[in-house]
Amino acid sequence: LGCTAPPQASSGQYNVGYSVDGQAFGDTGFVWTALPNTFLKGLAPARGFPLGGTKVTLLTDGLEYVDWLQCLFGYDLARAEVADDGSIFCRSPPCIKARYADGIGPGVGEECFGFVTVQLTLNGVNFFGNSTYEYVKMPQVTRVLPFPASGWNNELLV
């Protein structure tokens, strides 16, 4: 049995009833929660490293935290959390899980980097929002200039 919820004037909890004739209604004991219209405006930061774990704050209008809120980074779900300041965030999953459905990733010796779509879900089935998150290559120090001319025994801050 399925039905479409009618539009609600405001967010809140509503009792779910049923009818077989449109005249008499019975109570199911279920409660339906209507949330305000929400919009995912962006992410901060909008990029991070392939290892994952970046705290990504959701920039939204009208979003209220609920325990079952999740972020979908490409192919991988991440649980939403509430920061001390009340903002809502998700931690980015590893690039391989987000960019590759099988979780295997690129070939040996190749780095995982690139863009994924980020969406939100309250039930793991229906998704909303459409932001982009970028996995960027890990920075590498390839050389230090000037080269320490006095030898290797001196400290050099990088």
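To keep things clear, this report deals only with the structure shown in the data block. Remember, it's a predicted structure, so these values are computed and weren't measured experimentally.

**A few points about the packing of aromatic side chains**
Part 1: For the coordinates displayed, the defined rule picks out 3 aromatic pairs.
Part 2: Pairing Tyr-14 with Trp-32 gives two aromatic rings, centres 6.0 Å apart and planes at 40 degrees, and the pair type is tilted. Residue Tyr-14 is found in strand S1 (residues 12-18), and its partner Trp-32 is found in strand S2 (residues 26-34); the two are separated by 18 residues along the sequence.
Part 3: You can call Tyr-14 partly exposed: its relative accessible area is 26%.
Part 4: Of the residues examined, Trp-32 reaches a relative accessible area of 31% and is grouped as partly exposed.
Part 5: Aromatic side chains Tyr-133 and Tyr-135 sit 5.1 Å apart centroid to centroid with 80 degrees between the ring planes, which places their arrangement in the edge-to-face category.
Part 6: Residue Tyr-135 is classed as buried on the basis of its relative accessible area of 0%.

**Here's the deal with the environment of Tyr-100**
Part 1: Structurally, Tyr-100 can be placed in the loop between helix H1 (95-99) and strand S9 (114-121).
Part 2: Spatially, the C-alpha atom of Tyr-100 lies 8.9 Å from that of Asp-76, the residues being 24 residues apart in sequence.
Part 3: Dropping the residues within four chain positions of it, Tyr-100 is found in contact with Tyr-75, Cys-95, Gly-105, Pro-106 and Cys-112.

**Observations regarding the state of the cysteines**
A covalent bond between the sulfur atoms of two cysteines is referred to as a disulfide.
Part 1: Evaluated as defined, the whole model comprises 2 disulfides.
Part 2: Disulfide pairing is shown between Cys-71 and Cys-90; the S-S distance is 2.0 Å. With the S-S dihedral at roughly 75 degrees, the linkage between Cys-71 and Cys-90 falls on the right-handed side. Remark: Cys-90 occurs in strand S8 (residues 88-91) and Cys-71 occurs in strand S6 (residues 70-73); sequence separation between them is 19 residues.
Part 3: Overall, Cys-71 belongs to the buried group, its relative accessible area being 0%.
Part 4: Of the residues examined, Cys-90 reaches a relative accessible area of 0% and is grouped as buried.
Part 5: Here Cys-95 engages in a disulfide with Cys-112; their sulfurs sit 2.0 Å apart. In this structure the cystine formed by Cys-95 and Cys-112 twists about its S-S bond by roughly -75 degrees; its chirality is therefore left-handed.

**Concerning unusual backbone geometry**
Part 1: Here the amide bond leading from Ala-44 into Pro-45 is cis, since omega sits at -5 degrees, within 30 degrees of zero.
Part 2: Secondary-structure assignment places Pro-45 in the loop between strand S3 (39-44) and strand S4 (47-48).

**A short note on the sheet that holds S3**
Part 1: If you trace the 8 strands from one edge of the open sheet to the other, you get S3-S5-S8-S7-S6-S9-S10-S4, paired in mixed fashion. Among the strands making up the open sheet, the edge pair consists of S3 and S4.
Part 2: Across 7 bridges, S9 lies against strand S10 (residues 127-135) in antiparallel orientation. Each residue of the ladder has a partner; that of Thr-121, found in S10, is Phe-127.

**Some remarks on the pattern of salt bridges**
Think of it this way: side chains of opposite charge can pair up when their charged atoms draw near.
Part 1: This structure, assessed with the given rule, holds 2 salt bridges.
Part 2: Two residues, Asp-61 and Lys-41, come together in a salt bridge whose shortest N-O distance is 3.4 Å. With Asp-61 in strand S5 (residues 55-61) and Lys-41 in strand S3, this pair connects stretches of sequence that are 20 residues apart.
Part 3: Residue Glu-134 is joined to Arg-47 by a salt bridge in which the shortest nitrogen-to-oxygen separation is 3.4 Å. Of this pair, Glu-134 sits in strand S10 while Arg-47 is found in strand S4, placing the two residues 87 residues apart along the sequence.
Part 4: On the basis of relative accessibility, which here comes to 19%, the residue Glu-134 falls in the buried class.

The rules behind the values
- Residues numbered from 1 in each chain as written.
- Predicted model: local features only at pLDDT ≥ 70, side-chain atom pairs only at ≥ 80, totals over all residues.
- Heavy atoms only, no water.
- Phe/Tyr/Trp six-rings, centres within 6.5 Å; stacked < 30°, edge-to-face > 60°.
- Helix = DSSP H or I, 4+ residues; strand = E, 2+ residues; numbered from the N terminus.
- Buried < 20%, exposed > 50% of the residue type's maximum accessible area, 1.4 Å probe, protein only.
- Contact = heavy atoms within 4.5 Å.
- Disulfide = S-S within 2.5 Å.
- Pairing = 2+ DSSP bridges.
- Salt bridge = Lys/Arg side-chain N within 4 Å of Asp/Glu carboxyl O.

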